[in-house]
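Structural overview
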Amino acid sequence: MDILPFWGKARPEDADRGPGWHPLAFHGLDVAAAGEALLEADPGLAARLAGLFGMGEREAAGLLRFLLCLHDIGKFARKFQAKVPERFPPCFGIEPTSIPTSFDHGAGGLRLFIKHPGVFGIPAGKTADSWLPIVSAVAGHHGAPPDPPPPRDNLRPDFGRQGIEAARLFADEARRLLAPPEPPANADRDRLRRASFLVAGLAVLADWIGSRQEWFPYRAPDDFSGLDAYWEYARGRAKIAIREVGVEAAAPAGRLGYGDLIGRGAAPGPMQRWAGKVELPDGPALFVVEDETGSGKTEAAAMLAHRLMAARRANGFYFALPTMATANAMFDRLGKALPRLFADGETPSLALAHGARDLHPGFRSAMAGFDRADAGRGSNYGDGDGAAEIAASAACASWIADDRRRAFLADAGAGTVDQAILAALPSRHQSLRLLGLAQRVLVLDEVHAYDAYMQREIEALLTFQAALGGSAILLSATLPAAHRRGLADAFAEGLGEDAPAPLGETAYPLATVRARGRAVETPVPGRPGRGRRLPVRFLRRPEDALAEVERAAREGRAALYIRNTVDDALEAHAELAARGIEADLFHARFALADRLEIERRIVEAFGKASEAEGRAGKVLVATQVVEQSLDLDFDAMASDLAPIDLLVQRAGRLWRHDRPERADQPELLVVAPAAEEDAAEDWCKALFPRAAHVYRDHARLWLTARTLEEAGAIETPGGLRALIEAVYGPEAEARVPPGLRASLWSAEGKAGADRGVANMNTLKLSPGYVRDAGAWDSDVRTPTRLADDPSATLRLARARGGRIEPYAAASAPGEPWRAWRLSEVDVSQRHATGEAVPPRFAEAAREAKAGWGRHDADKILAVLEEDGDGRLAGAVMGPERERVVSYSPGTGLAFGPRAE
């Protein structure tokens, strides 16, 4: 039987050039060659897989190359070949029109292995059972494990006798040509299951590369004398592909001192000195850095990552951050610092990973025609319009940057924690994320900032990171001790260590190292000159806070008032205006175009570079959006009551930088009810009727207020641990008043339930890369976050001259897709669930939405018109009836009463 008439690809990108199909045997060799080149380009990955296989590196690479060659062996089935009737091989002896074509070739390949493991060179019985997850990983090269076969599976109806025979012949030819070793019969099953997740990522990547016609164009069978000649051709094409695709790791810089790494003139603090000297354990390691806000935790992480890279223990790093804004800021920082981390002459790739990265001007500039071939030509690139200038030696390889999943293959990356968490969820192509992360240092910032559901997801991610040979760095200013132990234990589980190591050090700042057989906690001194005792004064009414903010502004101080809800912030802003105080307003209900402009403006007004004359008397009213994402500095601050860790974060924006014009001492003003022993159930709601739904654990709020009333101040760094443990520690709950215990129990019950949901949703190491009875069964996309208050995305539009255009059309001329993205606002579904487009605009609205993408189908069009008062007004559909909405670039989106 001739196997070359079996087609593998039949959709040419350019039908006018070359053949209209590509033989299946050729495509198998394309992917084998791509896999071989990938392993040659990454000796570290090859070594990890060899260790997990229990084989030498050369032998493991040879076996993987052979298995990758068989990744599409299920395509020999007649049901698959009949998908293109004109290419149906005549050996089947029937007309293709009589054959149903509903067929998953990945599942078909796995079924073939289960029925005939010898085709894959693996003996039947226990050996085949052990290697099943590896074959499942190769067969699942489209991003998910294939379905298991039904009981008493019969291949003949799907493959046909000829298809099974052709698959055998192809496997024999591949075995002759590639000469793979026999897989060890006594390979460790647990190690093979772990390896299967790496193999799955390798298979996805090799198939992606091997399917790109720019590197592997369609060729006709008679173009080559035989498979031997085509194999040599494919290997040559693979070397070109790997070079152009940008996945070869850039060589790291040699061991650098702190000043060389961070910048000339930079002096390390105690935590950075620890990071530069701590012994690096053998194998995967977890580093937990706990230090106060603004102390340089990021710089300590950079030093650790650099040392791991210099020791050839990682190919790069990925910073995972809580929000898109923090990810954008980190991307900008990395763009300027990246050349110092890599050897001279290297062109490290830098990627940004989140859903709105295409709107980031620096990332857009990095993608504009730069790859490894031309990066480094010129001094800097940026669009000159507020974009971060990224050093030209740090390119964003276009193939990597084209897809968020491939962003984890860049030498350096920044993105949201959600993008990293997807590696541990049953999301398509999660294995590619795991593959990238396992070869990089995973840096998780603000690890205290997540709810119980996301905490469990992060623990699962750390388990995978350790199991697959990767290291991780966790950063936090306010991490409860129990949470730290949970994260360390999750990493230890990935190392194969079930017994938790005793971690009980209460010193602060603190550095923790967890590795195989090692758990070390090191108290670290605080940075000299940064320690302070920040008095806390309580105010009992928001009106008192407004009076304090007004007084600060009239005295020429820069002031911040943080409210816990958008509506409360809008009211405070309006009240200050009524008192003659002009204030900026910053919250989450601005169109993205305006939000970016507001961020720029307030950083200019209140950032590190702001000058005394320019900031004097200025006021900002904001919500939680200022807690983490922006480097801001205020002379006076008032805040609504929030959990202790968030108040500490907020306090970090008070007297953040040294300013010689300041006098006296800073003081944090907190609006809160008195933390009385007989606090009733409505203790919080009576003062904060809206915010009571934001922080629902009112017992922790009471503990925060009571702890700060007793302490009288936030003492940093030495007093932070005691404050955090007084609210979250094991003894805290006994102090909760009887009237608030129901709130405590409800919050604990919800946290436990959310962890349970996350535990069901996250992938497990133990089965390996197979579709079992768990998470992969669902076709519903598993969320990275659970929302108590689900949100909807509004797309604001202006009605002009009978046309509907994006609100931000002027911000993106000629780019309607970008203009619509910049016009988006996320709101609670309590406010908006659907559209309420006036009938006179119905046709214009349909025309406007015709250009939206498939991912925009659930977004709500809000048509707005000038209302004569400088605002835009319109309506949306609420849960029960229409609601009036209004918008202005100064105050954002507001909801009026329900329309009658």
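As the structure is a computational prediction, the values presented were derived from the model and not from experiment.

Okay, the pattern of salt bridges next. In total, this model carries 68 salt bridges according to the counting rule given. For the salt bridge of arginine 333 with glutamate 299, the shortest nitrogen-to-oxygen distance reads 2.8 Å. Separated by 34 residues along the polypeptide, arginine 333 in helix α13 (residues 324–341) and glutamate 299 in helix α12 (residues 297–310) bring together distant segments of the chain. Here glutamate 299 falls in the buried class, since its relative accessible area comes to 18%. Three or more residues are tied together by salt bridges with common partners; here these are Arg537, Glu548, Arg551, Glu555, Arg557 and Glu667.

Attention shifts here to the packing of aromatic side chains. Inspection of every chain in the model, using the stated rule, returns 20 aromatic pairs. Considering the side-chain rings of phenylalanine 6 and phenylalanine 76, the 5.1 Å spacing of their centres and the 55° angle between planes classify their relative orientation as tilted. Of the two residues, phenylalanine 6 sits in the segment before β1 (7–9) while phenylalanine 76 sits in the loop between α3 (57–69) and α4 (78–81), which places them 70 residues apart along the sequence. Ring centres of phenylalanine 224 and tyrosine 230 lie 4.9 Å apart, and the angle between their planes is 85°; on these two criteria the pair is classed as edge-to-face. Here phenylalanine 224 and tyrosine 230 have matching classes, each one buried. Joined through ring pairs, the aromatic side chains of Phe6, Phe76, Phe88, Phe92 and Phe170 make up one cluster. A cation over a ring is seen here: arginine 219 above tyrosine 233, with NZ or CZ 5.1 Å from the ring centre. Over the ring of tryptophan 208 we find arginine 406; its NZ or CZ atom is 4.6 Å from the centre of that ring.

Right, let's talk about the pairing of strand β8 (residues 412–416) for a bit. Along β8, five of the five residues are buried, which leaves the element largely enclosed by surrounding structure. Bridge count between strand β4 (residues 317–321) and β8: five bridges; the pairing is parallel. Paired with tyrosine 318 across the strands is glycine 413, a residue of β8. Note: strand β5 (residues 350–353) against β8, four bridges, orientation parallel. Looking across to β8, one finds that alanine 353 is bridged to glycine 415.

Quick look at the side chain of arginine 662 now. Mapped onto the elements, arginine 662 comes out in the loop between α24 (644–651) and β18 (668–671). The class for arginine 662 is buried, based on a relative accessible area of 16%. A distance of 2.7 Å separates a polar side-chain atom of arginine 662 from the backbone oxygen of histidine 657. Among residues more than four places away in sequence, those in contact with arginine 662 are Arg615, Asp633, Phe634, Asp635, Trp655, Arg656 and His657.

Turning our attention to the state of the cysteines. The full count for this structure, using the stated rule, is zero disulfides. Among the cysteines around cysteine 69, which has no disulfide bond, cysteine 91 carries the closest sulfur, lying 19 Å off. Relative accessible area serves as the criterion here: at 2%, cysteine 69 is assigned to the buried category.

Looking now at unusual backbone geometry. Trans peptide bonds make up the majority, and among non-glycine residues the majority have a negative phi. Tyrosine 508 connects to proline 509 through a cis peptide bond whose omega is -5°. Along the polypeptide, proline 509 turns up in the loop between α19 (481–495) and β11 (510–515). Looking along the chain, the bond that leaves threonine 716 and enters proline 717 is cis, with omega of -5°. Of note, the phi angle at arginine 152 is positive, near 50°, even though the residue is not glycine. Relative to the elements of secondary structure, arginine 152 occurs in the loop between α6 (126–139) and α7 (156–178). Exposure remark for arginine 152: the relative accessible area of 82% places this residue in the exposed category. We note that alanine 179 has phi near 50°; this positive angle belongs to a residue other than glycine. Mapping alanine 179 onto the fold places it in the loop between α7 and α8 (189–210).

Look at α13: 24 Å from first C-alpha to last across 18 residues, which is about the 26 Å you get at 1.5 Å a residue. Buried within α13 are the following residues: Ala325, Thr326, Ala327, Asn328, Met330, Phe331, Leu334, Gly335, Ala337, Leu338 and Leu341.

Axes are the key here: two packed helices are described by the angle between their axes and the distance separating the axes. At a minimum axis separation of 7 Å, helix α1 (residues 24–41) and α3 run at an interaxial angle of 150°. Classified by the angle their axes make, α1 and α3 are roughly antiparallel. At the point where α1 passes α3, the crossing takes the right-handed sense. Contacts between α1 and α3 pair Gly28, Leu29, Val31, Ala32, Gly35, Glu36 and Leu39 from the former with Ala61, Leu64, Arg65, Leu68 and Cys69 from the latter. Residue classes in the contact of α1 with α3 are distributed as eight nonpolar, two polar and two charged.

Here we take up the sheet that holds β4. Here we have eight strands laid out as an open sheet, ordered β5-β8-β4-β9-β10-β3-β11-β12, and mixed in their pairing. Each end of this open sheet is capped by a strand with a single partner; those strands are β5 and β12 (518–523). Strand-to-strand, the axes of this sheet are offset by a mean angle of 15°, without reference to chain direction. By the bridge criterion, three bridges tie strand β9 (residues 441–444) to strand β10 (residues 472–476) in an arrangement that is parallel. Of the residues in β10, the one forming a bridge with leucine 442 is alanine 472. Sheet strands touched by α13: β4, β5 and β8. Its angle to β8, the strand with the most contacts, is close to 170°.

If you trace the seven strands from one edge of the open sheet to the other, you get β15-β16-β14-β17-β18-β13-β19, paired in mixed fashion. Strand pairing shows two members of the sheet lacking a second neighbour, β15 (583–586) and β19 (713–716), which therefore form its edges. The mean angle between the axes of side-by-side strands here comes to 20°, regardless of whether they run parallel or antiparallel. As paired elements, β15 and strand β16 (residues 619–622) share four bridges and run parallel to each other. Across the sheet, residue alanine 583 finds its bridge partner in β16, namely valine 619. Strands β13 (532–539), β14 (559–562), β16, β17 (636–640) and β18 of the sheet are contacted by helix α20 (residues 542–554), whose axis makes an angle of about 165° with β14.

When you line up the elements, glycine 529 lands in the loop between β12 and β13. By relative accessible area, which is 84% here, glycine 529 ends up exposed. For the pair glycine 529 and leucine 422, spaced 107 residues apart in the sequence, the C-alpha separation amounts to 41 Å.

A word on the nonpolar core. Grouped together as the largest cluster of nonpolar side chains are 143 residues, with contacts concentrated most on Phe53, Ile209 and Trp399. Considering every element that reaches this core, the biggest residue donor is α8, with 13 residues. Leu359, Ala572, Ile598 and Leu646 belong to the second largest nonpolar core, which has 103 residues in total.

Here the focus is the environment of threonine 565. If you trace the backbone, threonine 565 turns up in the loop between β14 and α21 (566–578). On the basis of relative accessibility, which here comes to 11%, the residue threonine 565 falls in the buried class. It is 9.7 Å that separates the C-alpha atoms of threonine 565 and aspartate 640, two residues lying 75 residues apart in sequence. Not counting chain neighbours up to four residues away, the residues in contact with threonine 565 comprise Thr623, Arg690, Ala691 and Val694. A polar contact is formed between the side chain of threonine 565 and the backbone nitrogen of aspartate 568, at a distance of 3.0 Å.

Relative to the 18 Å expected for 13 residues at 1.5 Å per residue, α20 spans 19 Å between its end C-alpha atoms, a close match to the ideal helical length. Listed in full, the buried residues belonging to α20 are Pro542, Ala545, Leu546, Glu548, Val549, Glu550, Ala552 and Ala553.

So, on to the side chain of arginine 65. Note that arginine 65 resides in helix α3. Residue classification places arginine 65 among the buried positions, given a relative accessible area of 16%. For arginine 65, the contacting residues outside a window of four places in its chain are Ala32, Glu36, Leu178, Trp231 and Arg235.

What follows concerns the confidence of the model for the chain. The predicted model of the chain has a mean per-residue pLDDT of 90, with 94% of residues at 70 or higher. In this model residues 369–393 is a low-confidence stretch, pLDDT under 50, and it forms 60 contacts with partners more than four residues away in sequence or in other chains.

The rules we used
Residues numbered from 1 in each chain as written. Predicted model: local features only at pLDDT ≥ 70, side-chain atom pairs only at ≥ 80, totals over all residues. Heavy atoms only, no water. Salt bridge = Lys/Arg side-chain N within 4 Å of Asp/Glu carboxyl O. Helix = DSSP H or I, 4+ residues; strand = E, 2+ residues; numbered from the N terminus. Buried < 20%, exposed > 50% of the residue type's maximum accessible area, 1.4 Å probe, protein only. Phe/Tyr/Trp six-rings, centres within 6.5 Å; stacked < 30°, edge-to-face > 60°. Lys NZ or Arg CZ within 6 Å of the ring centre and 35° of its normal. Pairing = 2+ DSSP bridges. Polar contact = N/O pair within 3.5 Å; in protein donor to acceptor, adjacent residues only side chain to side chain. Contact = heavy atoms within 4.5 Å. Disulfide = S-S within 2.5 Å. Expected span 1.5 Å × (residues − 1). Axes fitted to C-alpha atoms, helices over the stretch in contact; angles between N-to-C directions. Parallel < 35°, antiparallel > 145°, perpendicular 65-115°, else oblique. Left-handed = near helix turned anticlockwise from the far one by under 90°. Nonpolar A, V, L, I, M, F, W, Y, C, P; charged D, E, K, R; others polar. Core = buried A, V, L, I, M, F, W, Y, C linked by side-chain atoms within 4.5 Å. pLDDT = per-residue confidence, 0-100.

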